[in-house]
Amino acid sequence: MTKQHYDIIGDIHGQATELIQLLEKMGYRQHNGCYQHPSRKVIFLGDFIDRGKQQRLVLETVMAMIQQGSALSVIGNHEFNAMAFHTPNPDNPDDWLRPHSMGNNQQHQAFLDEYNDDSEELNKVLNFFYTLPLFLDLDGLRIIHASWEPNWVQSLKPDLNSDNTLTKELLIKASTKGSHAYKTVESLIKGVEYKLPNGITFDDKDGHPRKAVRTQWWRNTDCTLGEIAIPANFLDQQTANITIKAEELVGYLSTEKPLFLGHYWMVGEPVPLADNVACLDYSVAKPGGKLVAYRWDGEQKLSKDKFIWIEREAHHDNNQ
Ligand SMILES: [Mn+2]
């Protein structure tokens, strides 16, 4: 039997215009309210929500595709955060699993604006998030939002449903800082970070000071922190020169199935990160960003020719 061919789409963050343009560019057409392709399926990498102003339209589009079998998806950290944001903390009923702090409210505000006073739709969407698996391990490819580590995935198995979706119990455990579930889920969907030494901090794209940097965890050789930090080029020279041994990295061997990730706010022309690793998040919710897909036809070695994208609509920049 031939392998199913997939179009894997990166983080959308409420940018429905670009999503629909990308689907149409790849030959998907609407039938019965659902985008479909005669021979291909989409796989979404999660992070449908937050930031952009068309989050309901994004969710309506992807929910229809998933329900009618023309797409699959994994969960992103923004869906996980939303589930925790809207779930009361069982240990403290006056609070939420994700506290409604100013920062957390700000990050989620565009979503709240669209679902304000519509608890029926909100519940429908939260129930949909519970149907999104943490990862997909398919015939010939793997999909996860931020990082793949077989032992972490295995250690969560007892807490996941048989289709690798989250239970409410796991949502609660994974919202408790310091727990094994918290660390593991955080690494898988928020990425592996390297803690900076000696109180060094830097400001991220949103202007928040950070004490740890996201890393290219998939590297298999010794390197410097400057070479694996994401984004690159913001560390001072001394910090950038810190040596990282291959064994300190999670690594992803070249013999493993191709792995597709979102999450990392890549910039520039889309290219594979390794022969068998590609990230499809190119920050479509930020000025200058794009919505990126990879058209996979069963190959083990990924090619830069198979990326396809839509540039962010310039008019969004005037509305923000
Ligand atoms: Mn993300």
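In this text, all values refer to a predicted model and were calculated from it rather than measured experimentally.

Novice: Help me out: how do you make sense of the environment of N89 in this one?
Specialist: Tracing the backbone through its elements, the reader meets N89 in strand β6 (residues 88-89). Once residues lying within four places of it in the same chain are set aside, the contact partners of N89 are D95, W96 and L97. Of note is the side chain of N89, whose polar atom sits 2.9 Å from the backbone nitrogen of D91.

Novice: What is the right way to look at the domain arrangement of the protein in this model?
Specialist: Interface size is often expressed as the accessible area that is lost when the parts come together. In terms of domain boundaries, the protein breaks down into domain 1 (5-189 + 254-318) and domain 2 (193-249). Look at where the C-alpha atoms of domain 1 and domain 2 centre, and you get two points 24 Å apart. Taken together, the contact between domain 1 and domain 2 spans 15 residues of the former and eight residues of the latter. In this structure, the connection of domain 1 to domain 2 is made through zero salt bridges. Applying the counting rule to domain 1 against domain 2 returns three residue pairs in polar contact (both at pLDDT 80 or more). In terms of residue class, the side of domain 1 that touches domain 2 is built from nine nonpolar, four polar and two charged.

Novice: Help me out: how do you make sense of the pairing of strand β13 (residues 212-215) in this one?
Specialist: Across a regular strand the side chains alternate sides, sitting on one face of the sheet and then on the other. As defined by bridge partners, strand β10 (residues 193-195) adjoins β13 across three bridges and the pair is classed as antiparallel. Considered in β13, the bridge of E193 is made with R214. Here β13 pairs with strand β15 (residues 229-230) via two bridges, running antiparallel. If you follow T215 over to β15, its bridge partner there is A229.

Novice: What is the right way to read helix α1 (residues 16-25) from this model?
Specialist: Within α1, the full set of buried residues consists of A16, E18, L19, I20, L22 and L23. Within two residues after α1, G27 carries a phi angle of roughly 90 degrees, on the positive side.

Rules behind the numbers
- Residue positions within a chain follow its written sequence, with the count starting from 1.
- This being a predicted model, a pLDDT of at least 70 is required before a residue's local features are given, and a value of 80 or more before pairs of side-chain atoms are given or counted; all residues contribute to the totals for chains, interfaces and linings.
- Side-chain metrics rest on all non-hydrogen atoms present in the structure, leaving aside hydrogens and water.
- Here a helix means four or more residues in a row that DSSP labels H or I, a strand means two or more in a row labelled E, and each is numbered from the N terminus.
- The contact criterion used throughout is that any non-hydrogen atoms of two residues lie within 4.5 Å.
- By the criterion applied in these results, polar contacts are pairs of N or O atoms within 3.5 Å in which, for protein atoms, one can donate a hydrogen and the other can accept it, and in which residues neighboring in sequence qualify only through two side-chain atoms.
- Just so you know, the domain bounds were taken from an automatic or database domain assignment.
- Just to be clear on terms, a salt bridge is a Lys or Arg side-chain nitrogen sitting within 4 Å of an Asp or Glu carboxyl oxygen.
- For this classification, Asp, Glu, Lys and Arg are treated as charged, while Ala, Val, Leu, Ile, Met, Phe, Trp, Tyr, Cys and Pro are nonpolar and the rest, including Gly, are polar.
- Here, strands pair whenever DSSP counts at least two bridges between them.
- Accessible area is worked out with a 1.4 Å probe on protein chains only. A residue is then buried under 20% of its type maximum, exposed over 50%, and partly exposed in between.

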